[in-house]
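Close look at the chain arrangement
Residues per chain, in single letters:
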Amino acid sequence: MTVFDPDPGLRWLFWLAHPDDELAIAGWLHRLVQARAPAQVVWLHRTGTREAESRKAANLIGLPPDAFTFHNFPDGDMVDHLGTLVEVASKAISDFRPDRVVCQAFEQGHLDHDACHYAMRQAWEGPLLELPMYHSYSRRWQTVNRFSDSDPGEELPLRRDEAELKRRIAGCYPSQRMGRLLGLQDRALGLVGRTPGYLQHERLRWVKPCPYDQPCTLGVENHPKWRRWREALAGQRRQVPSTNVSQADGALRPDARTGSHRR
(Lines give C-alpha, C1' and ligand atoms only; values in the text may rest on other atoms or scores of the structure.)
Protein backbone atom coordinates (compact mmCIF):
# COMPACT_ATOMS: atom_id res chain seq x y z
CA MET A 1 0.00 0.00 0.00
CA THR A 2 1.49 3.32 -1.07
CA VAL A 3 2.06 5.96 1.57
CA PHE A 4 1.25 8.68 -0.97
CA ASP A 5 -2.38 7.68 -1.42
CA PRO A 6 -4.56 10.44 -2.96
CA ASP A 7 -7.82 8.66 -2.09
CA PRO A 8 -10.24 11.54 -1.30
CA GLY A 9 -11.89 9.32 1.30
CA LEU A 10 -8.81 9.43 3.54
CA ARG A 11 -8.50 12.15 6.19
CA TRP A 12 -4.93 13.41 6.74
CA LEU A 13 -3.60 15.13 9.86
CA PHE A 14 -0.18 16.83 9.62
CA TRP A 15 1.41 17.33 13.07
CA LEU A 16 4.29 19.81 12.75
CA ALA A 17 6.51 21.57 15.26
CA HIS A 18 7.04 24.97 13.61
CA PRO A 19 5.59 27.29 11.02
CA ASP A 20 7.77 26.68 7.92
CA ASP A 21 8.07 22.90 8.55
CA GLU A 22 5.22 22.45 6.06
CA LEU A 23 7.66 23.24 3.26
CA ALA A 24 9.06 19.71 3.56
CA ILE A 25 5.70 18.19 2.54
CA ALA A 26 4.00 21.08 0.70
CA GLY A 27 3.88 19.28 -2.64
CA TRP A 28 1.94 16.37 -1.19
CA LEU A 29 -0.34 18.70 0.77
CA HIS A 30 -1.12 20.51 -2.47
CA ARG A 31 -1.98 17.22 -4.19
CA LEU A 32 -4.35 16.31 -1.37
CA VAL A 33 -6.06 19.68 -1.75
CA GLN A 34 -6.40 19.08 -5.49
CA ALA A 35 -7.84 15.60 -4.81
CA ARG A 36 -10.32 17.13 -2.31
CA ALA A 37 -8.99 14.87 0.43
CA PRO A 38 -9.60 16.36 3.90
CA ALA A 39 -6.31 17.62 5.35
CA GLN A 40 -5.63 19.41 8.62
CA VAL A 41 -2.31 20.98 9.68
CA VAL A 42 -1.41 21.53 13.32
CA TRP A 43 1.57 23.72 14.20
CA LEU A 44 2.79 23.53 17.80
CA HIS A 45 4.57 26.90 17.89
CA ARG A 46 3.70 30.38 16.78
CA THR A 47 4.58 34.02 16.99
CA GLY A 48 2.59 36.71 15.23
CA THR A 49 5.16 36.87 12.44
CA ARG A 50 5.59 33.14 11.99
CA GLU A 51 1.87 32.48 12.01
CA ALA A 52 1.37 35.10 9.30
CA GLU A 53 4.12 33.49 7.21
CA SER A 54 2.59 30.02 7.42
CA ARG A 55 -0.89 31.36 6.74
CA LYS A 56 0.50 32.82 3.52
CA ALA A 57 2.12 29.45 2.69
CA ALA A 58 -1.11 27.60 3.49
CA ASN A 59 -2.99 29.91 1.14
CA LEU A 60 -0.55 29.09 -1.67
CA ILE A 61 -1.02 25.37 -0.97
CA GLY A 62 -4.78 25.87 -1.18
CA LEU A 63 -5.71 25.07 2.41
CA PRO A 64 -8.83 26.88 3.69
CA PRO A 65 -8.52 28.87 6.95
CA ASP A 66 -10.34 26.20 8.95
CA ALA A 67 -7.81 23.54 7.90
CA PHE A 68 -4.98 24.61 10.19
CA THR A 69 -4.38 25.34 13.86
CA PHE A 70 -1.57 27.02 15.81
CA HIS A 71 -0.47 26.36 19.40
CA ASN A 72 1.85 28.24 21.73
CA PHE A 73 4.56 25.78 22.69
CA PRO A 74 7.97 27.47 23.06
CA ASP A 75 10.40 27.21 20.18
CA GLY A 76 13.34 25.03 21.21
CA ASP A 77 11.76 23.97 24.51
CA MET A 78 8.94 21.61 23.54
CA VAL A 79 10.91 18.79 25.09
CA ASP A 80 10.04 20.28 28.48
CA HIS A 81 6.32 19.84 27.78
CA LEU A 82 6.01 16.23 26.63
CA GLY A 83 2.94 15.49 28.73
CA THR A 84 1.03 18.52 27.45
CA LEU A 85 2.06 17.72 23.87
CA VAL A 86 0.49 14.27 24.24
CA GLU A 87 -2.73 15.87 25.50
CA VAL A 88 -2.83 18.30 22.57
CA ALA A 89 -2.15 15.46 20.13
CA SER A 90 -5.00 13.43 21.61
CA LYS A 91 -7.38 16.37 21.24
CA ALA A 92 -6.32 16.97 17.63
CA ILE A 93 -7.06 13.33 16.85
CA SER A 94 -10.41 13.47 18.63
CA ASP A 95 -11.43 16.68 16.85
CA PHE A 96 -10.36 15.77 13.31
CA ARG A 97 -10.70 11.94 13.39
CA PRO A 98 -7.92 11.28 10.85
CA ASP A 99 -7.27 8.13 8.88
CA ARG A 100 -3.56 8.92 8.58
CA VAL A 101 -1.24 11.12 10.60
CA VAL A 102 2.07 12.59 9.40
CA CYS A 103 4.73 13.75 11.85
CA GLN A 104 8.41 14.57 11.72
CA ALA A 105 10.91 11.76 12.10
CA PHE A 106 12.73 11.07 15.35
CA GLU A 107 16.21 11.84 14.03
CA GLN A 108 18.10 14.03 16.52
CA GLY A 109 18.08 17.04 14.25
CA HIS A 110 15.89 19.27 16.43
CA LEU A 111 14.59 18.57 19.92
CA ASP A 112 11.18 20.03 19.04
CA HIS A 113 10.80 17.60 16.11
CA ASP A 114 11.71 14.66 18.32
CA ALA A 115 9.28 15.80 21.03
CA CYS A 116 6.43 16.08 18.53
CA HIS A 117 7.19 12.62 17.15
CA TYR A 118 7.17 11.15 20.65
CA ALA A 119 3.90 12.86 21.59
CA MET A 120 2.02 11.66 18.52
CA ARG A 121 3.17 8.08 19.00
CA GLN A 122 1.86 8.21 22.54
CA ALA A 123 -1.50 9.58 21.44
CA TRP A 124 -2.26 7.82 18.14
CA GLU A 125 -2.78 4.11 17.53
CA GLY A 126 -3.63 4.35 13.83
CA PRO A 127 -1.53 4.60 10.66
CA LEU A 128 1.38 6.94 11.36
CA LEU A 129 3.79 8.28 8.76
CA GLU A 130 6.99 10.26 9.22
CA LEU A 131 8.87 12.74 7.08
CA PRO A 132 12.59 13.52 7.23
CA MET A 133 13.75 17.03 8.10
CA TYR A 134 17.46 17.27 8.97
CA HIS A 135 19.98 15.56 11.23
CA SER A 136 21.90 15.53 13.38
CA TYR A 137 22.53 18.33 15.86
CA SER A 138 26.00 16.90 16.53
CA ARG A 139 27.17 17.85 13.02
CA ARG A 140 28.09 21.23 11.65
CA TRP A 141 26.62 20.34 8.24
CA GLN A 142 23.36 18.48 8.59
CA THR A 143 21.77 15.96 6.23
CA VAL A 144 18.52 17.30 4.76
CA ASN A 145 15.50 15.52 3.26
CA ARG A 146 16.82 12.02 3.98
CA PHE A 147 16.09 9.68 6.86
CA SER A 148 18.83 9.00 9.38
CA ASP A 149 18.98 5.26 8.62
CA SER A 150 19.33 3.25 5.41
CA ASP A 151 15.59 3.06 4.69
CA PRO A 152 14.85 5.84 2.15
CA GLY A 153 11.08 5.58 2.55
CA GLU A 154 8.80 6.21 -0.41
CA GLU A 155 9.68 9.04 -2.76
CA LEU A 156 7.19 11.38 -4.42
CA PRO A 157 8.72 12.97 -7.54
CA LEU A 158 7.53 16.55 -7.87
CA ARG A 159 6.12 17.98 -11.06
CA ARG A 160 7.51 21.23 -12.45
CA ASP A 161 4.49 23.20 -11.24
CA GLU A 162 4.91 21.71 -7.74
CA ALA A 163 8.59 22.66 -7.67
CA GLU A 164 7.66 26.21 -8.62
CA LEU A 165 5.00 26.24 -5.89
CA LYS A 166 7.61 25.19 -3.32
CA ARG A 167 9.91 27.96 -4.52
CA ARG A 168 7.15 30.45 -3.84
CA ILE A 169 6.41 28.91 -0.46
CA ALA A 170 10.09 29.04 0.52
CA GLY A 171 9.87 32.80 0.00
CA CYS A 172 7.05 33.07 2.56
CA TYR A 173 9.40 32.92 5.55
CA PRO A 174 11.58 36.07 5.57
CA SER A 175 11.92 35.87 9.35
CA GLN A 176 13.63 32.48 9.13
CA ARG A 177 17.19 31.71 8.09
CA MET A 178 15.99 28.51 6.44
CA GLY A 179 14.09 30.34 3.72
CA ARG A 180 17.06 32.57 2.92
CA LEU A 181 19.46 29.59 2.78
CA LEU A 182 17.16 27.65 0.45
CA GLY A 183 16.94 30.66 -1.84
CA LEU A 184 20.71 30.96 -1.96
CA GLN A 185 21.05 27.22 -2.61
CA ASP A 186 18.50 27.36 -5.38
CA ARG A 187 20.26 30.23 -7.12
CA ALA A 188 23.72 28.71 -6.69
CA LEU A 189 22.72 25.31 -8.08
CA GLY A 190 20.83 27.00 -10.90
CA LEU A 191 24.11 28.48 -12.14
CA VAL A 192 25.34 24.93 -12.88
CA GLY A 193 22.02 23.61 -14.14
CA ARG A 194 21.03 21.71 -11.01
CA THR A 195 17.90 21.71 -8.85
CA PRO A 196 17.87 21.45 -5.02
CA GLY A 197 16.58 18.16 -3.66
CA TYR A 198 13.62 19.75 -1.86
CA LEU A 199 12.28 20.83 -5.27
CA GLN A 200 12.74 17.38 -6.81
CA HIS A 201 10.96 15.03 -4.42
CA GLU A 202 9.36 14.51 -1.02
CA ARG A 203 9.61 11.47 1.25
CA LEU A 204 7.37 9.64 3.66
CA ARG A 205 7.47 6.24 5.33
CA TRP A 206 5.62 4.27 7.97
CA VAL A 207 6.95 4.99 11.43
CA LYS A 208 9.37 2.31 12.63
CA PRO A 209 9.92 0.88 16.11
CA CYS A 210 11.66 3.60 18.06
CA PRO A 211 13.38 3.16 21.45
CA TYR A 212 13.42 6.78 22.51
CA ASP A 213 16.25 6.37 25.00
CA GLN A 214 18.65 5.22 22.26
CA PRO A 215 19.99 7.59 19.60
CA CYS A 216 19.17 6.75 15.99
CA THR A 217 21.95 8.99 14.68
CA LEU A 218 25.65 8.37 15.28
CA GLY A 219 27.65 10.85 17.28
CA VAL A 220 24.95 12.39 19.44
CA GLU A 221 25.53 10.37 22.63
CA ASN A 222 27.65 13.04 24.30
CA HIS A 223 25.82 16.06 22.95
CA PRO A 224 24.11 18.36 25.50
CA LYS A 225 20.85 18.18 23.54
CA TRP A 226 20.81 14.40 23.79
CA ARG A 227 21.35 14.61 27.55
CA ARG A 228 18.50 17.10 27.76
CA TRP A 229 16.28 14.72 25.79
CA ARG A 230 17.10 11.80 28.09
CA GLU A 231 16.32 13.88 31.17
CA ALA A 232 12.96 15.04 29.76
CA LEU A 233 12.05 11.51 28.71
CA ALA A 234 12.89 10.13 32.14
CA GLY A 235 10.72 12.78 33.76
CA GLN A 236 7.80 11.97 31.44
CA ARG A 237 8.09 8.24 32.10
CA ARG A 238 7.89 8.81 35.82
CA GLN A 239 4.49 10.42 35.22
CA VAL A 240 3.10 7.81 32.80
CA PRO A 241 2.27 4.16 33.64
CA SER A 242 5.01 1.91 32.34
CA THR A 243 2.54 -0.13 30.27
CA ASN A 244 1.69 2.93 28.16
CA VAL A 245 5.32 3.85 27.63
CA SER A 246 6.34 0.36 26.61
CA GLN A 247 3.48 0.23 24.10
CA ALA A 248 4.60 3.47 22.48
CA ASP A 249 8.26 2.44 22.44
CA GLY A 250 7.66 -1.07 21.12
CA ALA A 251 7.04 -2.51 17.70
CA LEU A 252 4.98 -0.75 15.07
CA ARG A 253 1.30 -1.24 15.77
CA PRO A 254 -0.05 -4.16 13.70
CA ASP A 255 -2.69 -2.13 11.87
CA ALA A 256 -0.42 0.78 10.92
CA ARG A 257 0.53 -0.71 7.54
CA THR A 258 -2.93 -1.91 6.60
CA GLY A 259 -4.67 1.41 7.06
CA SER A 260 -7.27 -0.04 9.43
CA HIS A 261 -7.73 1.24 12.94
CA ARG A 262 -10.34 1.57 15.61
CA ARG A 263 -12.34 4.77 15.95
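Here's what I pulled together on the structure shown here. (Residues numbered from 1 in each chain as written. Predicted model: local features only at pLDDT ≥ 70, side-chain atom pairs only at ≥ 80, totals over all residues. Heavy atoms only, no water.)

**As for the sheet that holds strand β2 (residues 39–43)**
Strand order across the open sheet formed by seven strands is β3-β2-β1-β4-β5-β9-β8, with mixed pairing between neighbours. Edge positions in the sheet fall to β3 (68–70) and β8 (154–157), since each of these pairs with one other strand and no more. Direction aside, neighbouring strands of the sheet carry axes that sit 25° apart on average. Strand direction decides the pairing type here: strand β1 (residues 12–16) and strand β4 (residues 100–104), joined by four bridges, are parallel. Looking across to β4, one finds that L13 is bridged to V101. Sheet strands in contact with helix α1 (residues 26–34) are β1, β2, β8 and β9 (201–206), and its direction is about 155° off that of β1. The sheet strands contacting helix α3 (residues 82–96) are β1 and β2, and the helix crosses β1 at an angle near 160°. (Pairing = 2+ DSSP bridges. Helix = DSSP H or I, 4+ residues; strand = E, 2+ residues; numbered from the N terminus. Axes fitted to C-alpha atoms, helices over the stretch in contact; angles between N-to-C directions. Contact = heavy atoms within 4.5 Å.)

**Regarding the packing of aromatic side chains**
Here the structure, examined in full by the defined rule, presents eleven aromatic pairs. Where W43 meets F68, the ring centres are 5.8 Å apart and the plane angle is 65°; that geometry is what we call edge-to-face. Within this pair, whereas W43 is found in strand β2, its partner F68 is found in strand β3, the two being separated by 25 residues in sequence. For W43, a relative accessible area of 1% translates into the label buried. Judged by its relative accessible area of 9%, F68 falls in the buried class. Taken together, a centroid distance of 6.1 Å and an interplanar angle of 85° make the contact between F68 and F70 edge-to-face. F70 shares its class with F68; the two are buried. One aromatic cluster is present, built from ring pairs that chain together F4, W12, F14 and W28. (Phe/Tyr/Trp six-rings, centres within 6.5 Å; stacked < 30°, edge-to-face > 60°. Buried < 20%, exposed > 50% of the residue type's maximum accessible area, 1.4 Å probe, protein only.)

**Section: helix α7 (residues 224–239)**
Since the α-helix advances by 3.6 residues per turn, residues separated by three or four positions end up pointing in the same direction. Here α7 contains 16 residues, and its C-alpha end-to-end distance of 23 Å stays within 8% of the 22 Å for a straight helix at 1.5 Å per residue. Looking at α7, one finds that the buried residues are W226, W229, A232, L233, G235 and Q236. Looking at the buried side of α7, the elements it contacts are α3 and α4 (111–123). (Expected span 1.5 Å × (residues − 1).)

**Section: the side chain of D99**
Structurally, the position occupied by D99 is in the loop between α3 and β4. A distance of 2.8 Å separates the side chain of D99 from the backbone nitrogen of R11, its partner in a polar contact. (Polar contact = N/O pair within 3.5 Å; in protein donor to acceptor, adjacent residues only side chain to side chain.)

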